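Report on the structure
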Amino acid sequence: MKALEQAAHLVLLCSACMGLAGAARAQSASFAPSYLEARQRAAERTAGQLEQTLRLMSDVTAARVHIGQPDPSHALIDKPLPAARVSAWLKLAGPGPDDTSVRALLASAVPDASYSSIHITRQRGKPETVPVTRLQNVGPFRVTAVSAPWLRALLAVMLATNVVLCSLLLTRWRRSDS
């Protein structure tokens, strides 16, 4: 039993080291998640949806959103819960959206978040471009310029092999008839 516990601990340690928090959470997740687990999953889903929405805004090439919500089980009776904290990181190719529209989007999507608890970090970057690859026609195929000579050589070898095999088959067929 001790070896099994050590193996489970090693898996959790390795998954945490590699940044696989989901694997560690999946090991500890129960069939019926607790209130806090369900709340954390909902926050992760909301953060993912907000990242996708932010990427659709003009000049935004990448976005990350982190949501920190206070634990209601540690709330004091005479003090209200602190506001949820939201951090957004935007990589921009141009001026990008203004902070007020981003704050309004984040505040409306995250319950208990106020404008003062939202932090936005902007990073200027080059617009991400897709490299243009030149394609060439090699017979019925369209391939990159680098692989075209290799494909031509492969097709030539295959054609030569077929010619040799057909001539051998024809020679054998003639010998069997005579």
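The present account deals with the structure reproduced in this document.

The rules behind these values
- Residues numbered from 1 in each chain as written.
- Predicted model: local features only at pLDDT ≥ 70, side-chain atom pairs only at ≥ 80, totals over all residues.
- Heavy atoms only, no water.
- Helix = DSSP H or I, 4+ residues; strand = E, 2+ residues; numbered from the N terminus.
- Expected span 1.5 Å × (residues − 1).
- Buried < 20%, exposed > 50% of the residue type's maximum accessible area, 1.4 Å probe, protein only.
- Arc of directions from axis to C-beta.
- Contact = heavy atoms within 4.5 Å.
- Core = buried A, V, L, I, M, F, W, Y, C linked by side-chain atoms within 4.5 Å.

1. Notes on helix 3 (residues 35–55)
Under the 1.5 Å per step criterion, the end-to-end length of helix 3 is 30 Å for 21 residues, consistent within 8% with the ideal 30 Å. When we look at burial in helix 3, the residues that qualify are R39, A43, A47, L50, E51 and L54. Mapping the buried residues of helix 3 onto a view down its axis gives an arc of 115°, with all of them on the same face. For helix 3, exposure combined with an orientation more than 90 degrees from the buried face picks out R45, Q49 and Q52. Structurally, helix 3 contributes buried residues whose contacts are with strand 1 (60–68), strand 2 (84–92) and helix 4 (99–109).

2. Digging into the nonpolar core
Of all hydrophobic cores here, the largest spans 20 residues; its most connected members are V65, I67, V86, L90, L106 and V110. Of all the secondary-structure elements, those providing two or more residues to this core are helix 3, strand 1, strand 2, helix 4 and strand 3 (113–124). For this core, the element with the most residues is strand 2, which contributes five residues.

3. Here we look at unusual backbone geometry
A negative phi holds for most residues other than glycine; trans holds for most peptide bonds. Even without a glycine there, the phi angle at D59 is positive, about 70°. Within the secondary structure, D59 is located in the loop between helix 3 and strand 1. In this structure D59 comes out as partly exposed when scored by relative accessible area, which is 33%. One non-glycine residue with positive phi stands out, namely D112, at about 65°. Mapped onto the elements of the fold, D112 is located in the loop between helix 4 and strand 3. For D112, a relative accessible area of 59% translates into the label exposed.

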